[in-house]
Structures are given as C-alpha cells and as structure tokens.
Amino acid sequence: MYVLTAVNALAALLSGASSIAGAVRPSLGLTTSEPVTSGMLLYARAYTARALPLSVVALVLLARQEWTVLAPFLIVLGLAQVGDSVLGAQRRNVGQAVGAGVGAVIHLVSAVWLYTH
C-alpha cells in the first residue's frame, strides 16, 4: 500500500501543481509561436478549477487511507487524466500528453488493484 499511496500522491501533487503553474503562466502550455489569448487564459483557469480540488481530495483520501472511497475516486481521476492526455496530444503538447497519460495509468491501475485485493 505504501507504493500505491506514494505514486498516487505524487501524481495528484504534480497535477495540482501543474494546474497552478498553468493558471499563473498559461504560456507554459503553448508553443513559442502561440500567443496567450483570453480563451487560453479561460482554459488554464478552468483546468485549475477542476484539477486542484481533485488533487486535494485525492491527497486527503490517501492520507486517511480511505481505500473503499479511493478506488472509485481513482477511476474519476484516471479518466480526467485520459481526457487531459488526449487534449495534450491534439495540441501536440508532449509534456501534457505524456504527463497526463502517466497519471491516468497510475490512477486506473491503482483502482483495479484496490478492487481486486
């Protein structure tokens, strides 16, 4: 359980931290030739409004070892990360595509493990 807790906590921390970084500096998610538009600012802030509370709840559930609640919540986190990964791939943002993809695998594999053990 220590490994499961550690990798999911790390994934949640990275997701929450990247959402804050993106809200503060939206250009981080853009290529150097793309301007920061009002739409991009809205997207960055909307991402933070979703990612930050999910990250906090995940960290609380992990810290409290709420395994029965955590398993379905990890599915929600994993599916959100799948969506983020797809968006990153569509925008050709390798960091977002790969980072969110790794987060999705961590959360979804952990949920399956919790359901089967």
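In case you missed it, the structure is sitting above this.
The N-to-C vectors of helix H1 (residues 2-24) and helix H4 (residues 94-116) enclose an angle of 150 degrees; their axes lie 10 Å apart at closest approach. The interaxial crossing formed by H1 with H4 has left-handed handedness. Each of Leu 4, Val 7, Asn 8, Ala 11 and Ala 12 in H1 lies in contact with H4, whose residues at this interface are Ile 106, His 107, Ser 110, Trp 113 and Leu 114.

In this structure, Gln 65 takes a positive phi of about 55 degrees despite not being glycine. Note that Gln 65 resides in the loop between helix H2 (38-64) and helix H3 (67-90).

This part takes up the pattern of salt bridges. Inspection of every chain in the model, using the stated rule, returns 3 salt bridges. Taking the shortest distance from any N to any O, the salt bridge between Arg 91 and Glu 34 comes out at 2.9 Å. Taken together, the residues Arg 91 in the loop between H3 and H4 and Glu 34 in the loop between H1 and H2 connect sequence positions 57 residues apart. For Arg 91, a relative accessible area of 34% translates into the label partly exposed. For Glu 34, a relative accessible area of 29% puts it in the partly exposed group. The partner of Glu 66 in a salt bridge is Arg 64, with the nearest N and O atoms 3.5 Å apart. Assessed through its relative accessible area of 26%, Glu 66 is described here as partly exposed.

Soluble, globular proteins show a tendency: their nonpolar side chains are buried together. In this structure, Ala 58, Leu 70, Phe 73, Leu 74, Leu 77 and Leu 114 are the most contacted members of the largest nonpolar core, which totals 14 residues. In terms of residue count, H3 provides more of this core than any other element does, 5 residues in total. Filtering out sequence-adjacent residues up to four positions away, Ala 58 remains in contact with Ala 12, Phe 73 and Leu 77.

Now for the packing of H3 against H4. Two numbers describe how H3 lies on H4: the axes approach to 7 Å, and their chain directions differ by 155 degrees. It follows that H3 is roughly antiparallel to H4 by the angle criterion. For the pair H3 and H4, the crossing hand works out as left-handed. For the contact of H3 with H4, the residue count by class is 18 nonpolar, 9 polar and 1 charged.

With that out of the way, let us pick up a nonpolar patch on the surface. The grouping of Ile 75, Leu 79, Val 82, Val 86 and Tyr 115 at the surface amounts to a nonpolar patch, some 440 Å² of accessible area in total. Looking at the nonpolar patch, the element that brings in the most residues is H3, giving 4 residues. Inspection of the secondary structure puts Ile 75 in helix H3.

Each value, and the rule that gives it
Residues numbered from 1 in each chain as written. Predicted model: local features only at pLDDT ≥ 70, side-chain atom pairs only at ≥ 80, totals over all residues. Heavy atoms only, no water. Axes fitted to C-alpha atoms, helices over the stretch in contact; angles between N-to-C directions. Helix = DSSP H or I, 4+ residues; strand = E, 2+ residues; numbered from the N terminus. Left-handed = near helix turned anticlockwise from the far one by under 90°. Contact = heavy atoms within 4.5 Å. Salt bridge = Lys/Arg side-chain N within 4 Å of Asp/Glu carboxyl O. Buried < 20%, exposed > 50% of the residue type's maximum accessible area, 1.4 Å probe, protein only. Core = buried A, V, L, I, M, F, W, Y, C linked by side-chain atoms within 4.5 Å. Parallel < 35°, antiparallel > 145°, perpendicular 65-115°, else oblique. Nonpolar A, V, L, I, M, F, W, Y, C, P; charged D, E, K, R; others polar. Patch = residues over 30% accessible without salt bridge, like charges linked within 9 Å, V, L, I, M, F, W, Y side chains within 5 Å. Areas by Shrake-Rupley, 256 points an atom, 1.4 Å probe, with all protein chains shown as cover.

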